[in-house]
Amino acid sequence: MIDSYTGKISAVVEFVRDITEKVKTEKQLKKYATKLKQMNEELEHRVQKQTEEIKNAERLRVLELHHRIKNNLQVISSLLNLQSEKFNDDTVNEAFRDTQNRVISMSLVHQKIYHTKGLESINVRDYIEDLIEHLISLYNGEKTLVKIDIQDTYFGIDTIIPLGMLINELVSNSLKYAYPEDKYGELNVIFYESNPGLYTLIVSDNGKGIPEDIDLDNPSSLGMQIIKSLVGQIDGDLDVDGNNGTTFIINFNG
Ligand SMILES: Nc1ncnc2c1ncn2[C@@H]1O[C@H](COP(=O)(O)OP(=O)(O)O)[C@@H](O)[C@H]1O
Ligand SMILES: [Mg+2]
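Cut-off values and rules
Residues numbered from 1 in each chain as written. Chains lettered and ligands numbered in written order. Predicted model: local features only at pLDDT ≥ 70, side-chain atom pairs only at ≥ 80, totals over all residues. Heavy atoms only, no water. Helix = DSSP H or I, 4+ residues; strand = E, 2+ residues; numbered from the N terminus. Buried < 20%, exposed > 50% of the residue type's maximum accessible area, 1.4 Å probe, protein only. Contact = heavy atoms within 4.5 Å. Areas by Shrake-Rupley, 256 points an atom, 1.4 Å probe, with all protein chains shown as cover. Lys, Arg positive; Asp, Glu negative; His and termini not counted. Charge placed at Lys NZ, Arg CZ, Asp CG, Glu CD. Near = heavy atom within 4 Å. Polar contact = N/O pair within 3.5 Å; in protein donor to acceptor, adjacent residues only side chain to side chain. Nonpolar A, V, L, I, M, F, W, Y, C, P; charged D, E, K, R; others polar. Axes fitted to C-alpha atoms, helices over the stretch in contact; angles between N-to-C directions. Parallel < 35°, antiparallel > 145°, perpendicular 65-115°, else oblique. Left-handed = near helix turned anticlockwise from the far one by under 90°. UniProt positions renumbered as here; feature names shortened; annotations may be inferred. Pairing = 2+ DSSP bridges. Core = buried A, V, L, I, M, F, W, Y, C linked by side-chain atoms within 4.5 Å. Domains from an automatic or database assignment.

Colleague: Give a description of the overall build of the protein chain that names residues and reports values.
Modeller: Helix and strand counts for the protein chain stand at 5 helices and 7 strands. Mapped from its N terminus to its C terminus, the protein chain presents α and β elements in the order α-α-β-α-β-β-α-β-β-α-β-β. The principal-axis extents of the C-alpha atoms in the protein chain amount to approximately 130 × 40 × 30 Å. Counting over 254 residues, the protein chain shows a buried share of 35%. Partitioning the contacts of the protein chain with sequence separation of at least 6, the portion at a separation of at least 24 is 69%. Surface exposure of the protein chain reaches about 16600 Å², of which carbon and sulfur atoms provide 52%. Across the protein chain, the mean location of the 28 positive side-chain charges is 16 Å away from that of the 40 negative side-chain charges.

Colleague: An account of the site of ligand 1 is requested, with residue identities and associated values reported.
Modeller: Near ligand 1, the surroundings consist of 14 residues, among which Asn173, Tyr177, Asp205, Ser221 and Met224 are the closest. Note that an oxygen atom of ligand 1 is positioned 2.8 Å from one of the side-chain N or O atoms of Asn173. Here ligand 1 has 530 Å² of accessible area as a free molecule, and 83% of this is covered by the chains. Sorting elements by how many residues they give to the shell around ligand 1 places helix 4 (residues 157–178) first, with 5 residues. Of the residues in the shell around ligand 1, the class split is 6 nonpolar, 6 polar and 2 charged.

Colleague: Now, about the side chain of Asn101: what can you tell me, with residues and values included?
Modeller: Along the polypeptide, Asn101 turns up in helix 2 (residues 90–115). Discounting residues that sit within four places of it in the chain, Asn101 has contacts with His134, Leu135, Leu138, Tyr139 and Asn168.

Colleague: Tell me about the packing of helix 4 against helix 5 (residues 222–233), and please be specific about residues and values.
Modeller: Two numbers describe a pair of packed helices, the interaxial angle and the distance between the axes. At a minimum axis separation of 9 Å, helix 4 and helix 5 run at an interaxial angle of 150 degrees. Viewed along their axes, helix 4 and helix 5 adopt a mutual orientation that is roughly antiparallel. The two elements helix 4 and helix 5 cross, and the hand of that crossing is left-handed. On helix 5, the residues that touch Pro162, Met165, Leu166, Glu169, Leu170 and Asn173 of helix 4 are Gly223, Met224, Ile226, Ile227, Leu230, Val231 and Gln233. In terms of residue class, the contact of helix 4 with helix 5 is made up of 9 nonpolar, 3 polar and 1 charged.

Colleague: Explain the UniProt feature "coiled-coil region" (unreviewed entry) in the protein chain to me, using residue names and the numbers behind them.
Modeller: Per the UniProt record, "coiled-coil region" (unreviewed entry) is annotated on residues 22–60. Secondary structure across residues 22–60 divides into 100% helix and 0% strand, with the first and last C-alpha atoms of the span separated by 57 Å.

Colleague: Break down the sheet that holds strand 7 (residues 246–253) for me, citing the residues and quoting the values.
Modeller: Taken in spatial order, the 5 strands line up as 2-4-5-7-6 in an open sheet, and their pairing is mixed. Edge positions in the sheet fall to strand 2 (144–150) and strand 6 (237–241), since each of these pairs with one other strand and no more. Looking at each pair of strands side by side, their axes are set apart by 10 degrees on average, direction ignored. Two elements, strand 4 (residues 185–195) and strand 5 (residues 198–205), share 8 bridges in a ladder whose sense is antiparallel.

Colleague: Explain the nonpolar core to me, and be specific about the residues and the numbers.
Modeller: Membership of the largest hydrophobic core comes to 40 residues, with the highest contact counts inside it found for Ile128, Leu163, Val171 and Phe191. Both domains that furnish three or more residues to this core are identified here as domain 1 (1–119) and domain 2 (121–254). The residues touching Phe191, leaving out its near neighbours within four places in the chain, are Val124, Asp149, Ile150, Gln151, Thr153, Phe155, Leu163, Tyr199, Thr200, Leu201 and Phe252.

Written out as structure tokens, the structure is:
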């Protein structure tokens, strides 16, 4: 608006008022922006906290499940033990003991998950060492010098269960059959990543050697049938060498 008398001054006043309004609005806007930013940060923080809480609850739930599975398998193992005591036949008792060990191999996996940081992975070395220690104590393995060389690897449950059961069959066979008449012997268990993503398990003893009439493609004994099926489960290849004791070599993709 232009004052008819002092037009200029009036325009300046108007202009100054405009500027003051603008500065005020900008200040207000800045204040809102800061407030919005704060609210946004707070919200992000809350979402993050809640996601963490959900993850922790889920983790505890899964751990609890593994703990229960482990307990149930241990109950089955004890039942097999009690049941075997009702028989006086050595063959029957041995069959019970073999099956009890198969159950224990699985139960140990669930125990190891319970104690590890990574929920769905198990330290292969830790697990195999414990499993073999258990087998040695069970099969009087004191007369066997056991050498274990396991690469530090982590596997999921789907791979470690068949792997553990395989080791159970092979190591218990060596401890049971390789050294008759209380002879001292050597047992080697080696596991390593032979190529990226390809793993090799070698179980070898320097005992009397596996009988030549055993047909691994078409096995008739339960242990060999289980070994064949487990190797298939992990998509592996099985090689057996019966010279200078017994050597089982299994290659598979982890
Ligand atoms: N490491 C070994 N050394 C000598 N003999 C073995 C070895 N592993 C297996 N055998 C022989 O192969 C047979 C079949 O093994 P397996 O199928 O595991 O049956 P079992 O139920 O007797 O353990 C055994 O009874 C044993 O005579
Ligand atoms: Mg066997």
